[in-house]
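What the coordinates show
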Amino acid sequence: MLDRRRTLRTPQELAAAGLIAEMRVDALARVAERYAVAITPALGDLIDTNDPNDPIARQFVPAEDELETAPEERADPIGDARHSPVPGIVHRYPDRVLLKLTHVCPVYCRFCFRREMVGPGEDQILSPEALDAALTYIGAHPEIWEVILTGGDPFMLSPRRLKEIGARLAAIPHVKILRWHTRMPVADPMRVSDELVRALRCGKTVYVVAHVNHPRELTEAAVAGVARLIDAGIPVLSQSVLLKGVNDDEDTLIALFRALVEARIKPYYLHHGDLAPGTSHFRTSVEHGQALMRAVKARASGLCQPDYVVDIPGGHAKARLASSDIEQMEAGFRLRDAAGNWHVYSVQSP
C-alpha cells in the first residue's frame, strides 16, 4: 500500500492507495496526460473507498468521462483571454481585476473551468517580469478598487512571496481591497499557518474566499485553519460549485451552507457548472439549480443564502440564476413567499 501521507499524482499512485481499481489505471492515464491530477492526504483521508458514489472522490479522482467533450464546451469557458490586457491580469469588470499568480494547485478539481491552463509545467508561476507588468497595469488604472488574487491557487506560494505581493499591491493608493481565492483550507489545512495569515495582512482590507463543495470537507483541521484567518481579522467567504452527484440535493446543500456559517464563513457564490471540456457529467440543469435554491430559501437561514450564478460563456460576466420572487401586474406586483405561494402587493405611487 502506498503511503497516503503525500499527495497522489498519478493513476498508479491512486491504485496503490486503493482509490481506484488496478484495471482502470491505463484508461485514467490518458485522462492524466490531458488534465492534472493531485489529491492531498487531507482530502484522500475523506474518501470512503467502500462508496462507489463518494462525493469527495467524485470531485478529485479522475474519471474516463473527462475524455468526452460536449459540443458546447470550450477551453476558456468564461472568456479570461478576451479580457487579459497583459499576462496574469483579467480585467472583466470596471472596478476589479483578477491577478493570476500561479497555475498550480494543491489539488485538481475534475470540474475546474481553468483545467486547460492549470497544472505542472514550465509556466507554473507568473514570472518576475510578468508580475511587474501586471502591477504596472493595476497602478495605471485608478478605477481598479479591488484585486482578486487567484490562479491556480495563490496559497501555493510561500508566505514570504505572499507578503511581498501584498505589500506591492498595498502601495497602490487606489487599490483598497485584496481578495484571495483558495482551496487550501480544505486541501491542506496546515498550510494556512500563523505565518501565512500574518503575510496576508498588509494595511489594506483583505478577504479570503474558500472553495468548499461538500460539508465533509469542513473537517476540524479545516475549520481551525479558517479560524486562524478570521481571528486575525480577515473575513472568509465561500464559493461552491453545484455538482451532480456531489451536492445537487437540498439536504446536502443546506448542510453545506449551515456548516460554512457555523465555521464563520459566509456563503457567497453557488456557481452553476461552467462549460469546461470533459465536465458535462457534473452539470445539472439550471431548472434543477433554481429548485434547489428555492428549497434552501424556504428551509435555511438568510445567512445560508449564496448567490446562484453562472459565468456567461465568452467573457460576458456573471448572471444571477435564482428564479425571481416578483412579477409585475397591471396594478402592482405579485410576490412569492418562501413556501412558493404568490401574493398581490399593491401600493400607491407618491
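Here's what I pulled together on the structure shown here. Here the structure is a predicted model, which is why all the values come from computation and not from measurement.

With that out of the way, let us pick up the side chain of histidine 91. For histidine 91, the location among the structural elements is in strand β1 (residues 89-93). Separated by 3.2 Å, the side chain of histidine 91 and the backbone oxygen of tyrosine 93 make a polar contact. Ignoring sequence-local partners within four residues, the contact set of histidine 91 consists of His83, Pro85, Arg96, Val97, Tyr137, His141, Glu143 and Ile144.

As a further point, take the nonpolar core. Counting 61 residues, the largest nonpolar core has Leu99, Ile138, Val147, Leu149, Leu169, Trp180 and Leu200 as the members making the most contacts within it. Judged by nonpolar contacts, the second largest core, of 27 residues, contains Ala17, Phe60, Ala187 and Val246.

Right, let's talk about the environment of glycine 18 for a bit. Secondary-structure assignment places glycine 18 in the loop between α1 (11-16) and α2 (25-34). A relative accessible area of 37% places glycine 18 in the partly exposed class. Along the backbone, glycine 18 and lysine 100 are 82 residues apart, and their C-alpha atoms lie at a distance of 34 Å.

Between its terminal C-alpha atoms helix α6 (residues 159-170) stretches 16 Å, which fits the 16 Å expected from 12 residues at 1.5 Å a residue. Arg161, Leu162, Ile165, Gly166, Leu169 and Ala170 are the residues of α6 that are buried. All buried residues of α6 project into a common sector of 165° when viewed along the axis, lining one side. The outward face of α6, more than 90 degrees from its buried face, is lined by the exposed residues Arg160 and Lys163. Of the surrounding elements, those touching the buried residues of α6 are β2 (96-100), α5 (128-139), β3 (146-150), β4 (177-182) and α8 (194-200).

Throughout the structure, instances matching the rule amount to 3 aromatic pairs. Here the aromatic rings of phenylalanine 111 and phenylalanine 282 are separated by 5.6 Å at their centres, their planes lie at 75°, and the arrangement is edge-to-face. Here phenylalanine 111, found in the loop between β2 and α5, pairs with phenylalanine 282, found in the loop between β7 (265-271) and α11 (286-299); they are 171 residues apart in sequence, far enough to count as distant. Both residues of the pair, phenylalanine 111 and phenylalanine 282, count as buried. Their ring planes at 25° and their centres at 4.2 Å tell us that tyrosine 268 and tyrosine 269 sit as a pair that is stacked. Judged by its relative accessible area of 25%, tyrosine 268 falls in the partly exposed class.

On the basis of which strands lie adjacent, the open sheet formed by 3 strands has the order β10-β11-β12 and antiparallel pairing. Lying at the two open borders of the sheet, with one neighbouring strand each, are β10 (326-328) and β12 (342-345). Pairwise comparison of adjacent strand axes, ignoring direction, gives a mean angle of 25° for this sheet. Relative to β12, strand β11 (residues 333-336) is paired through 4 bridges, and the arrangement is antiparallel. Bridged to arginine 336 within β12 is tryptophan 342.

Moving on: the side chain of histidine 174. By the element assignment, histidine 174 lies in the loop between α6 and β4. For histidine 174, a relative accessible area of 17% gives the class buried. A polar atom in the side chain of histidine 174 sits 3.0 Å from the backbone oxygen of histidine 141. With residues near it in sequence (within four places) discarded, histidine 174 still touches Ile138, Gly139, His141, Pro142, Ile144 and Trp145.

Two elements in contact, α5 and α6, have axes separated by 11 Å at closest approach and are oriented at 30°. By the criterion of interaxial angle, the relationship of α5 to α6 is roughly parallel. Crossing angle aside, the handedness with which α5 passes α6 is right-handed. Note on element contacts: α6 touches α5 through Arg161, Ile165, Arg168 and Leu169, opposite Leu131, Asp132, Leu135 and Ile138. Broken down by class, the residue content of the contact of α5 with α6 amounts to 5 nonpolar, no polar and 3 charged.

Looking now at the pattern of salt bridges. Counted by the stated rule, this structure contains 25 salt bridges. Where glutamate 72 meets arginine 283, a salt bridge forms, and the shortest distance between an N and an O atom there is 3.6 Å. With glutamate 72 in the loop between α4 (55-60) and β1 and arginine 283 in the loop between β7 and α11, this residue pair connects regions lying 211 residues apart in the sequence. For glutamate 72, a relative accessible area of 39% gives the class partly exposed. The salt bridge involving aspartate 325 is made with lysine 297; its shortest N-O contact spans 2.0 Å. With aspartate 325 in the loop between β9 (318-320) and β10 and lysine 297 in helix α11, the pair connects residues that are 28 residues apart, well separated along the chain. Within the structure, one salt-bridge network assembled from shared partners comprises Asp80, Arg92, Lys100 and Arg114.

Attention now moves to the sheet that holds β1. The mixed open sheet is built from 9 strands, whose spatial order is β1-β2-β3-β4-β5-β6-β7-β8-β9. Of all strands in the sheet, those with a lone pairing partner are β1 and β9, marking the two edges. Strand-to-strand twist in this sheet, taken as the mean axis angle between neighbours without regard to direction, amounts to 30°. Two strands pair when backbone bridges link them, and strand β6 (residues 236-241) and β7 are joined in this way by 6 bridges, in the parallel orientation. Within β7, the residue paired with serine 240 across the bridge is leucine 270.

Conventions adopted
Residue numbers restart at each chain and count upward from 1, following the sequence in its written direction. Only residues with pLDDT of 70 or above have their local features reported here, since the model is predicted, and side-chain atom pairs are shown and tallied only from 80 upward, although totals for entire chains, interfaces and linings are computed over all residues. Think of the side-chain values as coming from all heavy atoms in the structure, minus any hydrogens and water. What counts as a helix is a DSSP run of H or I of at least four residues, what counts as a strand is a run of E of at least two, and both are numbered from the N terminus. Polar contacts here mean pairs of N or O atoms no more than 3.5 Å apart (in protein, one a potential hydrogen donor and the other a potential acceptor; neighbouring residues in sequence count only if both atoms are side-chain atoms). Every residue pair with non-hydrogen atoms within 4.5 Å of one another is taken to be in contact. In this description, a nonpolar core means a group of buried Ala, Val, Leu, Ile, Met, Phe, Trp, Tyr and Cys residues linked to one another through side-chain atoms lying within 4.5 Å. A 1.4 Å probe rolled over the protein chains alone gives each residue an accessible area, and that area as a share of the maximum for its type sets the label: buried under 20%, exposed over 50%, partly exposed in between. Expected helix span is computed as 1.5 Å times (number of residues minus one). The arc in question is the one traced by the directions running from the helix axis out to the C-beta atoms. Under the pairing criterion, centres of Phe, Tyr and Trp rings, with the six-membered ring standing for Trp, must be within 6.5 Å; the plane angle then separates stacked pairs below 30 degrees from edge-to-face pairs above 60, leaving the rest tilted. Two strands pair if DSSP finds at least two bridges between them. In this analysis, axes come from line fits to C-alpha atoms, helices being fitted only over the stretch in contact, and the angle between any two N-to-C directions falls in the range 0 to 180 degrees. An angle below 35 degrees is treated as roughly parallel, one above 145 as roughly antiparallel, one from 65 to 115 as roughly perpendicular, and anything else as oblique. Crossings are classed by handedness, with left-handed meaning an anticlockwise turn of the near helix from the far one by less than a right angle and right-handed meaning a clockwise turn. Amino acids outside the nonpolar list (Ala, Val, Leu, Ile, Met, Phe, Trp, Tyr, Cys, Pro) and the charged list (Asp, Glu, Lys, Arg) are all regarded as polar, and Gly is one of them. A pair is scored as a salt bridge if a Lys or Arg side-chain nitrogen falls within 4 Å of a carboxyl oxygen belonging to Asp or Glu.

In short, geometric facts, not functional conclusions.
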